[in-house]
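Coordinate analysis (summary)
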Amino acid sequence: MSMSRKFLLALGYTALFAPLGTATILFALHLLDIINAWVFPFYYFTICCIASGLSLIAIAPLRSRNQHQTKSGRRMPRRRRLLGIGLVILFLNVNILTFLMSYYFTHLTTSEQPRLGRPKPISTVTPSERGLSYREYNIPVDNSHWLEVWEIPAQTSTTKGTILLFHGNLGTKKQILGAAQSFSTLGFNTILVDFQGVGGSSGNTTTVGMREARDVVTAFSYIKKRLEGNSGENAPVILYGFSMGSAAILRAISVYGIEPDGIILDLPFVTLSRAIKNRLRYRKMLATPLTELLIFWASIQHGLNGFSHNPVIFAKDVNCPTLVIHGKKDKWVSVDEIEVLVQNISAPKILVKAPKMGHQQLVNANRQLWDSSLQEFLSIL
């Protein structure tokens, strides 16, 4: 047996038995109270190791035949053998790295639960600090999961309707407090929602609007049912989303069929892959195939298809008045991309392009343009 084949087989079997060795080490460290082994992503780690191990074992015979002879019948040069082995190692390293990156970017952790992931954001500001009265409560998702919300009543004698607000990626209710205060001043009851995984809601993951779309459905259905229980209640229910929140709203409309009376999309992105590529390119990183690998492994980890998460396509199913807000200096989404999304909306729509705004909420960047845009939107409801 050649050295090249032995090396590949050794790597393959090492990968196959790596979960067993890892489990032993984790168990020992857990008993010593050094780490909490239960939060280690062992299931996904095992899948990655098995897939890599079987791939190496499968290609080992091919490497053996190729290195014994070339077209001229001579032994394959040592340089080519080393190149082949190097490519295999590179392939494994890149996939392991992107697997861990995908896990890190989509999992959240607290100081009480040390694990691989980013810190779970919490709301450090409340409506009362802005002089607003509010009520905090939970909307049940199931027996063990919930959405924490703030409900701020309208600051007028009559109520024009209800607006549900959804924050961006790694944000919380406090991120959309400025927009909620503006809506409340105009006469709307506002309900600010923490997606699962952040703030006061249950969970510890984020999926950039995919699973969050179900949270939009849960909150919308809960509020609609409550309003329908109030005799004579016929005021509109509007959805507002910032960045990821906009993508979640569009997905909830297209995939789950909810029917709000109007939507406000503040800085939506057009596709998940495009959003990631734009960020990688901005940081001078290799966008392809890194984007595809990140989405692939995140999809495996969460049981979702990230490649089909395309708000630009979801927009075709919008049947209610829509206000779309975009900053011309947004580094993550171009004006051309937003214009395509807006063109796909067949309902009455308004596109506002703030000339000096980047990826930030219009209510904070240009209050005058925000107020005039809202007035125009309310006139088409």
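Summarised in this report is the structure supplied together with it. Everything numeric in this text was worked out from a predicted model, so none of it was measured.

A contiguous nonpolar surface patch, about 400 Å² in accessible area, is contributed by Ile96, Leu100, Tyr104, Phe105 and Leu116. Residue classification places Ile96 among the partly exposed positions, given a relative accessible area of 39%.

This next bit is on empty space enclosed by the protein. Scanning the model with the defined rule gives one cavity of 30 Å³ or more in all. In this structure, the largest cavity encloses a volume near 40 Å³. Taken together, His167, Gly168, Asn169, Leu170, Phe195, Gln196, Val198, Thr205, Thr206, Glu212 and Met244 make up the lining of the largest cavity. Its residues assigned to classes, the lining of the largest cavity comprises four nonpolar, six polar and one charged.

Inspection of the secondary structure puts Gln361 in the loop between β10 (349–354) and α11 (362–365). Residue Gln361 is classed as buried on the basis of its relative accessible area of 6%. Expressed as a C-alpha distance, the spacing of Gln361 and Ser243, which sit 118 residues apart in the sequence, is 8.9 Å. Not counting chain neighbours up to four residues away, the residues in contact with Gln361 comprise Gln175, Ile176, Ala179, Tyr240, Phe242, Asp266 and Leu267.

Let us look at the packing of helix α5 (residues 212–229) against helix α6 (residues 244–256). In contact at an axis separation of 8 Å, α5 and α6 are set at 75° when each is read in the N-to-C sense. As judged from the angle between their axes, α5 and α6 are roughly perpendicular. Here Glu212, Ala213, Arg214, Val216 and Val217 of α5 lie close against α6, whose contacting residues are Met244, Ala248, Ile249, Arg251, Ala252 and Tyr256. Counted by class, the contact of α5 with α6 contains eight nonpolar, no polar and three charged residues.

Each value, and the rule that gives it
- Residues numbered from 1 in each chain as written.
- Predicted model: local features only at pLDDT ≥ 70, side-chain atom pairs only at ≥ 80, totals over all residues.
- Heavy atoms only, no water.
- Patch = residues over 30% accessible without salt bridge, like charges linked within 9 Å, V, L, I, M, F, W, Y side chains within 5 Å.
- Areas by Shrake-Rupley, 256 points an atom, 1.4 Å probe, with all protein chains shown as cover.
- Salt bridge = Lys/Arg side-chain N within 4 Å of Asp/Glu carboxyl O.
- Buried < 20%, exposed > 50% of the residue type's maximum accessible area, 1.4 Å probe, protein only.
- 1 Å grid on protein atoms, 1.4 Å probe; cavity = no way out; pocket = protein on both sides within 12 Å on 5 of 7 lines; lining within 4 Å.
- Points joined across faces, edges and corners; volume = space filled by probe spheres on them.
- Nonpolar A, V, L, I, M, F, W, Y, C, P; charged D, E, K, R; others polar.
- Helix = DSSP H or I, 4+ residues; strand = E, 2+ residues; numbered from the N terminus.
- Contact = heavy atoms within 4.5 Å.
- Axes fitted to C-alpha atoms, helices over the stretch in contact; angles between N-to-C directions.
- Parallel < 35°, antiparallel > 145°, perpendicular 65-115°, else oblique.

The analysis is restricted to geometry; functional conclusions fall outside its scope.
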